[in-house]
Amino acid sequence: MFESVQDNPYPDSHVLGAGPDPHPLLTPVLPLLGRWHGRGEGRYPTLERDFRYEQEVTFSHDGRPFLRYEARAWLIDESGAPVRPAGREAGWWRVTPDASLDVVLAHPTGIVETYVGRVSGTEIEIETKDVALTPLAKEVTATRRHYALRSGEMTVTHDMAAVGQPLQHHLTTHLRLRTD
């Protein structure tokens, strides 16, 4: 009934030197490539209390001038034990010839964000251009993210304007590049 289908001949790679060569436009963001893991802390005025979480972030490519991005987080208790799944998002980072960025991120909670930003050495700043919401999504009107890369470590800060609150700090995550 179905013809046999070959395995994907163009797999994503998150490791330099494995898989396809990265597109030259990706040069400013190549340090992002990899699987990252770490812990973070979050707060927001509408939440009862601050929270702690662990997160996995993967940046990969298939040889074209964009990165595939996926992030998963889970809440942890005071001892570091997992409590429940938390934020999850996936998307694409496109790099332009002048090292500016167009980013699209989608969340399973019905939020889609488009970002514009810039790479400056080991620092990346992106902020929302547009936010689209499904009818059941919580109101998010703007976000801003800052990525700082240093010696195999990445710090991400995330500001958010949501549910009637102005743009303000929401999350800080400290990640390490996984080598396994």
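A quick note: this is a predicted structure, and the numbers were derived from the prediction, not measured.

Peer 1: I tried to follow the pattern of salt bridges on my own but got confused; where do I start?
Peer 2: Side chains that differ in charge, positive against negative, can pair when their charged atoms come close. Following the criterion strictly, the structure yields 13 salt bridges and no others. For the salt bridge of Asp-62 with Arg-64, the shortest nitrogen-to-oxygen distance reads 2.7 Å. Residue classification places Asp-62 among the buried positions, given a relative accessible area of 15%. The partner of Arg-94 in a salt bridge is Asp-102, with the nearest N and O atoms 2.8 Å apart.

Peer 1: Before we go on, may I ask you to explain the side chain of Asp-159 in this structure?
Peer 2: Take Asp-159: it is sitting in strand β9 (residues 153-162). Residue classification places Asp-159 among the buried positions, given a relative accessible area of 16%. Those residues in contact with Asp-159 that lie beyond four places of it in its chain are Ala-142, Thr-143, Arg-144, Leu-167, Gln-168, His-169 and His-170.

Peer 1: Just checking my understanding: could you explain the packing of aromatic side chains for this structure?
Peer 2: For any pair of aromatic rings, geometry is given as the distance between the ring centres together with the angle between the planes. One pass over the structure, following the stated rule, counts six aromatic pairs. Between Phe-59 and Trp-93, the ring centres sit 5.2 Å apart and the planes meet at 85 degrees, which makes this aromatic pair edge-to-face. Taken together, the residues span a long stretch of sequence, with Phe-59 in strand β2 (residues 51-60) and Trp-93 in strand β4 (residues 82-95) at a distance of 34 residues. Judged on exposure class, the residue Phe-59 and its partner Trp-93 are both buried. In textbook terms, an aromatic cluster arises when at least three aromatic residues are bridged by ring pairs, as seen for Phe-59, Tyr-69, Trp-93 and Tyr-147.

Peer 1: Teacher, can you tell me more about unusual backbone geometry here?
Peer 2: Working note: non-glycine residues mostly have negative phi, and peptide bonds are mostly trans. A positive phi angle, near 50 degrees, is found at Ser-151, a position not held by glycine. Following the sequence through the fold, Ser-151 ends up in the loop between β8 (140-150) and β9. Its identity is not glycine, yet Val-163 carries a phi of approximately 40 degrees, on the positive side. Secondary-structure assignment places Val-163 in the loop between β9 and β10 (168-177).

Peer 1: Help me understand the nonpolar core in this model?
Peer 2: The nonpolar side chains of a soluble globular protein tend to be buried with one another. Among the nonpolar cores identified, the biggest contains 25 residues, and Val-29, Leu-32, Phe-59, Trp-93, Leu-101, Ile-124 and Met-154 are the most heavily contacted of them. Looking at this core, the elements that each hand over two or more residues are β2, β3 (66-76), β4, β5 (100-107), β6 (111-120), β7 (123-133), β8 and β9. Residue contacts for Phe-59: discarding those within four places in its chain leaves His-14, Leu-32, Leu-33, Gly-34, Trp-36, Leu-67, Arg-68, Tyr-69, Trp-93 and Met-154. Residues Ala-137, Val-140, Met-160 and Ala-162 belong to the second largest nonpolar core, which totals six residues.

Peer 1: How do you make sense of the pairing of β9 when you look at a structure like this?
Peer 2: Each regular strand carries side chains that alternate between the two faces of the sheet. With seven of 10 residues buried, β9 lies mostly within the body of the structure. Here β8 pairs with β9 via 10 bridges, running antiparallel. In the strand pairing of β9, Tyr-147 is matched with Val-156. Remark: two residues form the turn of the hairpin made by β8 and β9, two consecutive strands paired antiparallel; Ser-151 in that turn has positive phi of roughly 50 degrees.

Calculation rules
Residues numbered from 1 in each chain as written. Predicted model: local features only at pLDDT ≥ 70, side-chain atom pairs only at ≥ 80, totals over all residues. Heavy atoms only, no water. Salt bridge = Lys/Arg side-chain N within 4 Å of Asp/Glu carboxyl O. Buried < 20%, exposed > 50% of the residue type's maximum accessible area, 1.4 Å probe, protein only. Helix = DSSP H or I, 4+ residues; strand = E, 2+ residues; numbered from the N terminus. Contact = heavy atoms within 4.5 Å. Phe/Tyr/Trp six-rings, centres within 6.5 Å; stacked < 30°, edge-to-face > 60°. Core = buried A, V, L, I, M, F, W, Y, C linked by side-chain atoms within 4.5 Å. Pairing = 2+ DSSP bridges.

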